[in-house]
Amino acid sequence: MTIQKWVGVVRLVLPEANKPANDRIIFIDVSRSRYLLPVNADATENDVVVNRDWLRQLYQFIAQHGNSIQYVFNDIMFDRGAPGDSLLRTAIAALGNKFLAINSRNGQYELQRNSLGVRAATASVDLQSGAVYKIPFLGKLGDTLVPYQIYTDLHPHRATTNWLFSWFSGKGISFNTQINDYPLRRNDFVNGEYIKIGLGELVSLLHVAPEIYDQYLKNRFILIGDFENDQHNTYLNKQPGTLILFNAYWHLAQGGQLISFWYLLILYLFLYGIVWLETHKKTVVYQHKLKIPYFEVFIIPVNIITISILLIGFTYVSALLFHVNISIFHLIALFSLIDTVKFFINKLEKRGSSDIQIKPDE
């Protein structure tokens, strides 16, 4: 994960070619659009929830304009019922497949669905060292994760997944998880490059100036979430959860998960070469001599250090040249397997040689 972080850092200093256009996205922040919801009869205890009436009004504005938006991703977990839910549910239903809410996962084997019962996908992922690293397409409970669900909603071509790989019809093959890039980051709307507006403020403006709909919402991807408090660590940096999920979708939309034939060929040749080095490093190939003018000869031994450098170098080539983010953990595990096999082969050879007895001449 650390290696992938430095790959991402290098990409940050390069020109960003796959960043979404700033006139196609709007961020709607709900961090200050909340109210207290009593959780018992005498209201001695309350929960803080997003103002669902403002959400209803926003969705009704969209429906009244013929659903002329690209998509609405509602990154809000409706984990308890509230007054007016039936009206909100009706407003959401009018958006059809252009709307998606979230479900969450409690532990490993329990899926918590939203209380509204509206269409949703899972937003929870397994963390690595406390950070979001790999994001799968499908969950362990037969569920679909948010990025993959948005992708299938907006890209009608068929995609099938089995235990080994995923096949995108007419596109290509991919792994079942993705290590996505982060072209869209929190600073993009903090610095004003992208529009971010509060939910209550937007609804109020739509009532007094309906033309704002065409200016800020029409044909846009609408991202609704808590951009102030819902922060999560990624392998690169800390980002709002809504951005993490959208970047994962954008990675899919740009074909970042696809593996080309030429990449697979180069990957095979690379693996073949370093496996050969690993298996022959103490017999056929032990060291290389590097001759540089005006310098003494450098001797480069073939050992775990040089092989690790090759693995790290290939990670950079994969990301920067082929736009494929891979984890070298599995490649390192491959060499551990090779060493284990070699260990047992040597054991068998030694045992076989010790069983041979040479009889003296009679």
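Rules of the game
Residues take numbers from 1 onward in each chain, read along the sequence in its written order. Local features in this predicted model are restricted to residues whose pLDDT is 70 or higher, and side-chain atom pairs enter the listing and the counts only when it is 80 or higher, whereas totals over whole chains, interfaces and linings include all residues. Excluding hydrogens and water, the side-chain figures rest on all heavy atoms present in the structure. Residues belong to one nonpolar core when they are buried, are Ala, Val, Leu, Ile, Met, Phe, Trp, Tyr or Cys, and are joined through side-chain atoms within 4.5 Å. Type-normalised accessible area, obtained with a 1.4 Å probe on protein chains alone, sets the label of each residue: buried when under 20%, exposed when over 50%, and partly exposed for intermediate values. Only DSSP runs of H or I reaching four residues or more are called helices, and only runs of E reaching two or more are called strands; each is numbered from the N terminus. Only heavy atoms enter the contact rule, under which two residues are in contact if any of them lie within 4.5 Å. Inter-axis angles, ranging from 0 to 180 degrees, are taken between N-to-C directions of lines fitted to C-alpha atoms, where helices are fitted over the stretch in contact. Throughout, the term roughly parallel applies to angles under 35 degrees, roughly antiparallel to angles over 145, roughly perpendicular to angles from 65 to 115, and oblique to all others. We call a crossing left-handed when the near helix sits turned anticlockwise from the far one by less than a right angle, and right-handed when that turn is clockwise. Each residue receives one of three labels: charged for Asp, Glu, Lys and Arg, nonpolar for Ala, Val, Leu, Ile, Met, Phe, Trp, Tyr, Cys and Pro, and polar for the others, Gly being one of them. Any pair of N or O atoms that falls within 3.5 Å is considered a polar contact. Within protein, one atom must be able to donate a hydrogen and the other to accept it, and sequence-neighbouring residues count only if both atoms are side-chain atoms. Two strands pair under a simple rule: DSSP has to find at least two bridges between them.

**Concerning the nonpolar core**
Okay, so step 1: Membership of the largest hydrophobic core comes to 32 residues, with the highest contact counts inside it found for Leu55, Leu58, Tyr59, Ile62, Val72, Ile222 and Ile224.
Okay, so step 2: Those elements giving two or more residues to this core turn out to be β1 (25-29), α2 (52-64), α3 (85-93), β5 (99-106), α6 (199-208), α7 (212-217) and β16 (221-225).
Okay, so step 3: Looking at this core, the element that brings in the most residues is α2, giving five residues.
Okay, so step 4: In contact with Ile224, not counting residues within four places along its chain, are Ile28, Val30, Leu55, Leu58, Tyr59, Val72, Phe73, Asn74, Asp75, Ile76 and Thr242.

**Re the packing of helix α4 (residues 146-154) against helix α8 (residues 241-253)**
Okay, so step 1: Where α4 contacts α8, the two axes come as close as 8 Å, and the packing angle between them is 45°. The angle between α4 and α8 places the two elements in the oblique class. Every pair of crossing elements has a handedness; the one defined by α4 and α8 is right-handed. Packed against α4, whose contacting residues are Val146, Pro147, Tyr148, Ile150, Tyr151 and Leu154, the element α8 presents Leu245, Ala248, Tyr249, Leu252 and Ala253 at the interface.
Okay, so step 2: Along the lines of polarity and charge, the residues of the contact of α4 with α8 split into 11 nonpolar, no polar and no charged.

**Topic: the environment of Gln64**
Okay, so step 1: The residue Gln64 is located in helix α2 in this model.
Okay, so step 2: On the basis of relative accessibility, which here comes to 62%, the residue Gln64 falls in the exposed class.
Okay, so step 3: A C-alpha to C-alpha distance of 9.5 Å links Gln64 and Ala94, two positions 30 residues apart in sequence.

**Focus on the side chain of Ser31**
Okay, so step 1: You can see Ser31 is positioned in the loop between β1 and β2 (34-38).
Okay, so step 2: At 2.8 Å, the side chain of Ser31 and the side chain of Asp29 are in polar contact.
Okay, so step 3: Those residues within four positions of Ser31 in sequence are excluded, and the remaining contacts are Asp226, Glu228 and Asn229.

**Observations regarding the sheet that holds strand β12 (residues 166-168)**
Okay, so step 1: Spatial ordering of the open sheet is given by β11-β12-β13-β19, a layout of four strands whose pairing is antiparallel. Taken across any chain shown, the strands that pair with only one partner, and hence form the sheet edges, are β11 (159-161) and β19 (258-259).
Okay, so step 2: Here β12 pairs with strand β13 (residues 172-174) via three bridges, running antiparallel. By the bridge assignment, Trp167 is partnered in β13 with Ile173.

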